[in-house]
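Examining the three-dimensional arrangement
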Amino acid sequence: LEALLGDRKVPGLRSGVERGADGLPALVWLEERGGSGRRIIGRRTGAAMEPVPGALDTAGTELVQRVLSAPGDWAAVDEIGFLEQSSPAYQQALWSLFEGKRVLAALRKENLPFLNHLRAREDCFVLDLDEVREP
């Protein structure tokens, strides 16, 4: 999504992964596009990535509200995945973003209730990148 947007000043959110010394994902962070407000939203505990309790409820919803109040009709979110299942408040904030702006978003390809709910929106066009064939 970032490569698609390039240097366009579209407000939004992006997440990223930091890997540990073993090469496995150690934590997941969320920030506004442009690099401000980075918050840790997931940490690996043993073999699994777990949500940081309350991180999406507070910092995540705050970041979404900032994007929603930014000027312009468009927003970008890269990516929405399984950690969002832990926070109904963050899900509601994201839903409000989809209601208030035109959103370009990357969704994890997983069968999860919130992701399915977003995909089912009548105003959404879903492009499965695994289905795109190069010429």
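Residues numbered from 1 in each chain as written. Predicted model: local features only at pLDDT ≥ 70, side-chain atom pairs only at ≥ 80, totals over all residues. Heavy atoms only, no water.

**Quick look at the pattern of salt bridges**
Counted according to the given criterion, the structure contains 13 salt bridges. Residue Arg14 pairs with Glu31 through a salt bridge whose shortest N-O separation is 2.6 Å. Of this pair, Arg14 sits in strand S1 (residues 12-19) while Glu31 sits in strand S2 (residues 25-32), and the two are 17 residues apart along the sequence. Classification of Arg14 as partly exposed rests on a relative accessible area of 25%. As a salt-bridge pair, Arg44 and Asp22 come within 3.0 Å of each other at their nearest N and O atoms. Of this pair, Arg44 sits in strand S3 (residues 39-45) while Asp22 is found in the loop between S1 and S2, placing the two residues 22 residues apart along the sequence. Using a relative accessible area of 47% as the deciding quantity, one classes Asp22 as partly exposed. Put simply, Arg14, Glu18, Glu31 and Arg38 are held in one network by salt bridges that share partners. (Salt bridge = Lys/Arg side-chain N within 4 Å of Asp/Glu carboxyl O. Helix = DSSP H or I, 4+ residues; strand = E, 2+ residues; numbered from the N terminus. Buried < 20%, exposed > 50% of the residue type's maximum accessible area, 1.4 Å probe, protein only.)

**Some remarks on the sheet that holds S2**
A sheet is described by the order of its strands in space; here six strands give the open sequence S4-S3-S2-S1-S5-S6, paired in mixed fashion. The open sheet is flanked by strand S4 (48-51) and strand S6 (102-107), the only strands paired with a single partner. Mean inter-strand twist for the sheet, computed between neighbouring axes without regard to direction, equals 20 degrees. The pairing of strand S5 (residues 74-80) with S6 spans six bridges and is parallel. (Pairing = 2+ DSSP bridges. Axes fitted to C-alpha atoms, helices over the stretch in contact; angles between N-to-C directions.)

**Looking at the layout of surface pockets**
By volume, the largest pocket is sized at about 910 Å³. What lines the largest pocket is a set of 24 residues, and nearest its centre among them are Ala105, Ala106, Phe125, Val126 and Leu127. Of all elements in the fold, only S6 and helix H4 (113-119) reach the threshold of two or more residues within the lining of the largest pocket. At six residues, S6 tops the list of elements feeding residues into the lining of the largest pocket. In terms of residue class, the lining of the largest pocket is built from 15 nonpolar, no polar and nine charged. A volume near 170 Å³ is recorded for the second largest pocket. Contributing to the lining of the second largest pocket are Ser15, Val17, Val28, Leu30, Ile41, Glu79, Ile80, Gly81, Phe82, Leu83, Glu84 and Arg108. Of all the secondary-structure elements, those providing two or more residues to the lining of the second largest pocket are S1, S2 and S5. Class assignment for the residues of the lining of the second largest pocket results in seven nonpolar, two polar and three charged. (1 Å grid on protein atoms, 1.4 Å probe; cavity = no way out; pocket = protein on both sides within 12 Å on 5 of 7 lines; lining within 4 Å. Points joined across faces, edges and corners; volume = space filled by probe spheres on them. Nonpolar A, V, L, I, M, F, W, Y, C, P; charged D, E, K, R; others polar.)

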